[in-house]
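So the chains spell out like this:
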Amino acid sequence: MSSNHPRTDPRSLGLELRELASGLAVEAGELIESMRSEVDMAGDTKSSATDVVTAADKASEAFIMERLLAARPDDSILGEEGGDVHGTSGVRWLIDPIDGTTNYVYDIPAYSVSIGAEFDDEMIAGVVYEPKSNTCYEASIGSGAFRNGEPITCNAKAELATALVATGFGYSPERRAGQAEVLVSLLPDVRDIRRFGSAALDLCAVADGRVDAYYEKGLNPWDLAAGWLIATEAGAIAADLRDGPPSPEFVLAGGPALFELLRDRLVALEADRLP
Ligand code: IPD
Ligand code: CA
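For clarity, every value in this text was computed on a predicted model and none was experimentally measured.

A. Up close: the sheet that holds strand β7 (residues 122–130). Spatially, the eight strands line up as an open sheet ordered β4-β3-β5-β6-β7-β8-β9-β10, and their pairing is mixed. On the outer flanks of this sheet lie β4 (84–85) and β10 (150–151), each paired with one strand and no other. In this sheet, strand β8 (residues 135–140) lies alongside β7 in antiparallel orientation, the contact comprising six bridges. Paired with Tyr129 across the two strands is Cys136, which belongs to β8. Of the strands in this sheet, β3 (76–79), β4, β5 (91–99) and β6 (112–119) are in contact with helix α2 (residues 55–71), which crosses β5 at around 155 degrees. Contacting β3, β5, β6, β7, β8 and β9 (145–147), helix α6 (residues 221–233) runs over the sheet at an angle of about 100 degrees to β7.

B. Representation of the coordination of the calcium ion (ligand 2) within the structure. The calcium ion (ligand 2) binds to the protein through Asp96 (OD), Asp99 (OD) and Asp223 (OD); the donor distances cover 2.1 to 2.2 Å. Each donor residue of the calcium ion (ligand 2) belongs to the same chain, with the gaps between them written as D-x2-D-x123-D. Placement of Asp99 in strand β5 and of Asp223 in helix α6 is noted, with a sequence separation of 124 residues between them. For Asp99, a relative accessible area of 6% corresponds to the buried category.

C. Examining the pattern of salt bridges more closely. A complete count under the given rule lists 17 salt bridges for this structure. With a shortest N-O distance of 3.2 Å, Asp208 and Arg210 are connected by a salt bridge. According to the relative accessible area criterion, Arg210 is partly exposed, its value standing at 45%.

D. Just the domain arrangement of the protein, in detail. Each domain of the protein was delimited in the assignment, giving domain 1 (10–151) and domain 2 (160–268). With 37 residues of domain 1 in contact, the opposing surface of domain 2 contributes 22 residues. Summed over both sides, the interface of domain 1 with domain 2 buries roughly 2100 Å², with 64% coming from carbon and sulfur. Area buried by domain 1 at its contact with domain 2 is led by Asp99, Met123 and Tyr137, which between them contribute 25% of it.

Parameters at a glance
- Along each chain, numbering runs from 1 in the same order as the chain's sequence is written.
- All chains are assigned letters beginning at A, and all ligands numbers beginning at 1, according to the order in which they are written.
- This being a predicted model, a pLDDT of at least 70 is required before a residue's local features are given, and a value of 80 or more before pairs of side-chain atoms are given or counted; all residues contribute to the totals for chains, interfaces and linings.
- The basis for every side-chain value is the complete set of heavy atoms in the structure, and neither hydrogens nor water enter the calculation.
- Paired strands, in this sense, are two strands between which DSSP finds at least two bridges.
- Counting from the N terminus, the helices are DSSP H or I runs at least four residues long and the strands are E runs at least two residues long.
- Two residues form a contact once any of their heavy atoms are found within 4.5 Å.
- The axes are straight lines fitted to the C-alpha atoms, using for helices just the contacting stretch, and the angles between their N-to-C directions are given from 0 to 180°.
- Distances define the donors: N, O and S atoms within 2.8 Å of the metal qualify, as do those within 3.2 Å of Na, K or Ca. Water is excluded, so some sites may look unfinished.
- Each residue is placed in one exposure class: buried if its accessible area under a 1.4 Å probe, protein chains only, is under 20% of its type's maximum, exposed if it is over 50%, and partly exposed if it falls in between.
- Any carboxyl oxygen of Asp or Glu that lies within 4 Å of a side-chain nitrogen of Lys or Arg is treated as forming a salt bridge with it.
- Just so you know, the domain bounds were taken from an automatic or database domain assignment.
- The term buried area means the drop in 1.4 Å probe accessible area that two parts suffer when joined, counted for both and summed.

This is the structure:
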């Protein structure tokens, strides 16, 4: 998407969109909590038998889309549950109505509502809200990253051996087999591995210094949009393994020195060349 909006200042637009998104993420979080009694452990699945979707995912996305379009009718929207609106403003929202749906279904706290906004293809605002702990991570371009209003920064670790590294796994058995091989090779070289189950929260954990780095192959744009900006605004590098931006091919996030060490290790393992 490219558009001509010469008078738009991405920084002030980012602040405005962040404020809108944070209110909506908190309300969507309250909505999914109110639907907890309806959770169906044997609910519908999507890309594979392990890829669950609940009525709460759909209700959360419908709520966020309705409110975004009421506030900003000319924006575009891409949502995990099928949201697809083509607007003219140059702003595109990327919505993950529940990131970590498996955790939601099992009532494990690590799930979130993730709302990112890009302007002319650049991420300018991101909000990730964890309803169970009432924690809201936010960032807008050039203005830093925040947890519940407090500024956050990533760790400045510069060695692999003491790095706590988060990762995640896709839903296809073939990809998981390759991801497991990468993990087996990496595990002896790092402090330990964490698999929380929400990519958006993994990226916020990097931003907040609760892990030193995070990597995953195969995310969707809505999984990583908001968390990517929150991590980079907290001082982390977030990119693929070949000098490109984070993408479904790969995302690695960490403080600058650790990013380089882990990237070299993951390139050697061809972690982005899995099925
Ligand atoms: C998933 C989570 C998980 C990651 C998967 C994602 P979903 O999103 O972020 O941590 O490992 O790759 O698909 O399906 O819970 O929205
Ligand atoms: Ca997701």
